[in-house]
Amino acid sequence: TFLFQVSTESLTIFWSPNLIMTILVTGLLATVVCYIIMIWAQRLLPANQIALFCCLEPVFATLYSYFFGTSLITWGVIIGGGFILLGLVVSVRSS
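Residues numbered from 1 in each chain as written. Predicted model: local features only at pLDDT ≥ 70, side-chain atom pairs only at ≥ 80, totals over all residues. Heavy atoms only, no water.

## Description of the overall build of the chain
Then step 1. Looking only at helices and strands, one finds five helices and zero strands in the chain.
Then step 2. Every one of the 95 residues in the chain was classed for burial, and the buried ones make up 6%.
Then step 3. Accessible surface for the chain amounts to roughly 8300 Å². Of this, 75% is attributable to carbon and sulfur atoms. (Helix = DSSP H or I, 4+ residues; strand = E, 2+ residues; numbered from the N terminus. Buried < 20%, exposed > 50% of the residue type's maximum accessible area, 1.4 Å probe, protein only. Areas by Shrake-Rupley, 256 points an atom, 1.4 Å probe, with all protein chains shown as cover.)

## Side note on the packing of aromatic side chains
Then step 1. For the structure on display, the rule yields two aromatic pairs.
Then step 2. Judged by centre distance (4.6 Å) and plane angle (45°), the rings of Y64 and F68 are tilted. Across the pair, exposure class does not vary: Y64 and F68 are exposed alike. (Phe/Tyr/Trp six-rings, centres within 6.5 Å; stacked < 30°, edge-to-face > 60°.)

## Thoughts on the state of the cysteines
Then step 1. Counted according to the given criterion, the structure contains zero disulfides.
Then step 2. Summary of cysteine pairing: C54 is not part of a disulfide, and the nearest cysteine sulfur, belonging to C55, is at 7.2 Å. (Disulfide = S-S within 2.5 Å.)

## Section: the environment of W15
Then step 1. Relative to the helices and strands, W15 resides in the loop between α1 (2–8) and α2 (17–42).
Then step 2. Using a relative accessible area of 56% as the deciding quantity, one classes W15 as exposed.
Then step 3. Apart from residues lying up to four places away in sequence, W15 is in contact with I20 and I23. (Contact = heavy atoms within 4.5 Å.)

## Notes on the side chain of S65
Then step 1. For S65, the location among the structural elements is in helix α4 (residues 57–67).
Then step 2. In this structure S65 comes out as buried when scored by relative accessible area, which is 17%.
Then step 3. At 3.0 Å, the side chain of S65 and the backbone oxygen of T62 are in polar contact.
Then step 4. Among residues more than four places away in sequence, those in contact with S65 are T70 and S71. (Polar contact = N/O pair within 3.5 Å; in protein donor to acceptor, adjacent residues only side chain to side chain.)

Shown next, in the form of structure tokens:
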């Protein structure tokens, strides 16, 4: 819906100090802090555990968006998440 609105209407952005501060805090500060914590934590764990955890990011993102009401869980999503979890189980048992 947002992309449709942007493509059909002219989008006017009012560059207020609050908007600039919001972009700076969420875009820079939050991102930089999260990456610093992630890189620090990755040094503490073996590479295979990090790789397995990174595979779970789409599963957690889908659950997060579902619980906050921004997306629906369809059969395709359930099957895709099942394949991710099945792949994780197979790779953990083989190692």
